[in-house]
Number of protein chains: 2
Amino acid sequence: MKKIEQRLTENGVRPTAMRLLIYKYLAEKEVAISLTDIEAAFAKAERTTLYRTLRTFEEKKIVHQIDDGTGIQKYALCEPGCDCNLEQDLHLHFLCNNCDETVCLTEHKIPHINLPEGFVAEDANLVLKGICDKCSGQ
Amino acid sequence: MKKIEQRLTENGVRPTAMRLLIYKYLAEKEVAISLTDIEAAFAKAERTTLYRTLRTFEEKKIVHQIDDGTGIQKYALCEPGCDCNLEQDLHLHFLCNNCDETVCLTEHKIPHINLPEGFVAEDANLVLKGICDKCSGQ
DNA sequence: GACAATAATGCACTTCCGTTGCATAGGTCA
DNA sequence: TGACCTATGCAACGGAAGTGCATTATTGTC
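Per an unreviewed UniProt entry, the recorded name for chain A is Transcriptional repressor, and the organism is Maribacter flavus. According to UniProt, the comment filed for chain A under the heading Sequence similarities (unreviewed entry) is "Belongs to the Fur family."

This is the structure:
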């Protein structure tokens, strides 16, 4: 918990009890988490607080937002030292059609794409859908 | 208009007046269209009708749905003969941060990705964001 | 051409999720 | 301690997708 506190402080986020818990929750889960997920896990807390905590985390580069095509925004912890805006840190995400969980494949960067004349890419999002390792193993 | 009628019939969609107009609209626009766009263009028509028309078109492989990360579902005409479910027909989309328009880059297929053991990909979505050719030209 | 069956359209309403405004509680610093 | 700033809680809004049901149009059959 001390480590989490330090991580938050380093990134310019005041380590309140709520935030520590949310960070811990994100760290334990190895998949991308939606606001609704968190809400279910912290029934006592306000949705708004959770929402704003996630946004704060995102602004401070503690989590990155994931759009996996479900229409629901999800979040996952950033790797320490990663800057999710840089092309080299853009990794792909995998959405399982079976368990509906989305995981970061941080080792798999998005390949560079040659665009037609006139197009300038600043950001990229690649989502693969299918069956994840947990579900295919059975 | 006869051609459109034929296209719809071939794909098993009854060519009503409404549908012909919507198809025509999609064909003229060269960018991905949201339900709200269409609603604005056809002020007289019901949202539900437009919504269901788009869904029907999608089911019958006349349009494909695009998730460009804006949280708004968009649609664009499929190339004749394309099967948007097949890996070889999966192309990437480009969302312009300046004009907010999303275009299909049908010539640019999504590269094949080697996934970790246990992951089986069935579908893929790649969206690049940046400045499009129209906006960068100025 | 008239009729029944089927499909498309229009209207009302719901749900889900993200988002904001404002009041209150809590922590920080002089 | 008191003033200030930040975080939290509560209430409400708004956009977009989606559904149920009645009505209208279209098709096939006799």
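Caption draft 1: Geometry of the protein's contact with DNA strand C. Not every one of the 18 residues close to DNA strand C is listed here, only the nearest: Arg-47 of chain A together with Thr-16, Arg-19, Thr-49 and Arg-52 of chain B. When the atoms of DNA strand C within 4 Å of the protein are grouped by moiety, sugar and phosphate amount to 64% of the total. The separation between a phosphate oxygen of DNA strand C and a polar side-chain atom of Arg-19 of chain B is 2.8 Å. Contact between DNA strand C and Arg-52 of chain B: a base oxygen at 2.6 Å from a side-chain N or O atom of the residue. The biggest single contributor to the surface near DNA strand C is helix H4 (residues 47-59) of chain A, with 5 residues. When the residues that make up the surface near DNA strand C are grouped by side-chain class, the tally is 4 nonpolar, 7 polar and 7 charged.

Caption draft 2: Molecular detail of the sheet that holds strand E4 (residues 91-96) of chain B. If you walk across this open sheet you meet the 6 strands as E5(A)-E4(A)-E6(A)-E6(B)-E4(B)-E5(B), and the pairing is mixed. One side of each edge strand has no neighbouring strand; the edge strands of this open sheet are strand E5 (102-109) of chain A together with strand E5 (102-109) of chain B. Along the sheet, successive strands turn relative to each other by an average axial angle of 30 degrees, direction set aside. Here 5 bridges tie strand E4 (residues 91-96) of chain A to E5 of chain A, and the two strands are oriented antiparallel to one another. Across the sheet, residue Leu-95 of chain A finds its bridge partner in E5 of chain A, namely Thr-102 of chain A.

Caption draft 3: Region of interest: the relation of the copies chain B and chain A. If you rotate chain B by 180 degrees and push it 0.1 Å along the axis, it lands on chain A with an RMSD of 0.1 Å. Here the transformation between the copies is reduced to the relation of a two-fold axis. By C-alpha distance to the rotation axis, the residue of chain B lying nearest is Leu-126 of chain B, at 2.2 Å. Here 100% of the interface residues in chain B have copies in chain A that are interface residues too; the copies meet face to matching face.

Caption draft 4: Main features of the interface of chain B and chain A. Facing 32 residues of chain B, the contacting portion of chain A comprises 32 residues. Of the roughly 2600 Å² buried where chain B meets chain A, counting both sides, 65% is carbon and sulfur surface. On the chain B side of the interface with chain A, the three residues burying the most area are Ile-113, Phe-119 and Lys-129 of chain B, jointly 20% of the side's total. Counting across the chain B and chain A interface gives 0 salt bridges. Here chain B and chain A share 14 residue pairs in polar contact (both at pLDDT 80 or more) between them. Put simply, the parts of the chain that give the side of chain B that touches chain A at least two residues each are E4, E5, strand E6 (120-131) and helix H5 (133-136) of chain B. Of the residues assigned to the side of chain B that touches chain A, the class counts are 18 nonpolar, 8 polar and 6 charged.

Cut-off values and rules
- Sequence order as written defines residue numbering, which begins from 1 separately in each chain.
- Here every chain gets a letter starting at A, and every ligand a number starting at 1, in the order they are written.
- With the structure being a predicted model, the display of local features is reserved for residues of pLDDT at least 70 and the display and counting of side-chain atom pairs for 80 or more, all residues being used for whole-chain, interface and lining totals.
- The basis for the side-chain values is all heavy atoms of the structure; hydrogens and waters are excluded.
- UniProt positions are given in the numbering used here, feature names are shortened, and annotations may be inferred rather than shown by experiment.
- Here a residue counts as near a molecule or strand whenever at least one of its heavy atoms sits within 4 Å of it.
- Think of a polar contact as two N or O atoms within 3.5 Å of one another; within protein, one of them needs to be a possible hydrogen donor and the other a possible acceptor, and neighboring residues in sequence only count if both atoms come from side chains.
- For the purposes of this entry, the term helix denotes a DSSP run of H or I that reaches at least four residues, the term strand denotes a run of E that reaches at least two, and both are numbered from the N terminus.
- Residues are grouped as follows: nonpolar covers Ala, Val, Leu, Ile, Met, Phe, Trp, Tyr, Cys and Pro; charged covers Asp, Glu, Lys and Arg; every other residue, Gly included, is treated as polar.
- Should DSSP find at least two bridges between two strands, the strands are taken to pair.
- Lines fitted to C-alpha atoms define the axes, with helix axes restricted to the stretch in contact, and inter-axis angles between N-to-C directions lie between 0 and 180 degrees.
- The superposition of copies rests on a least-squares fit of C-alpha positions from residues with pLDDT of 70 or more in both.
- Contacts between residues were defined by any pair of non-hydrogen atoms, one from each residue, lying within 4.5 Å.
- Buried area counts how much accessible surface, traced with a 1.4 Å probe, disappears from two parts once they are put together, with both parts' losses summed.
- Here, a salt bridge means any side-chain nitrogen of Lys or Arg that lies within 4 Å of a carboxyl oxygen of Asp or Glu.

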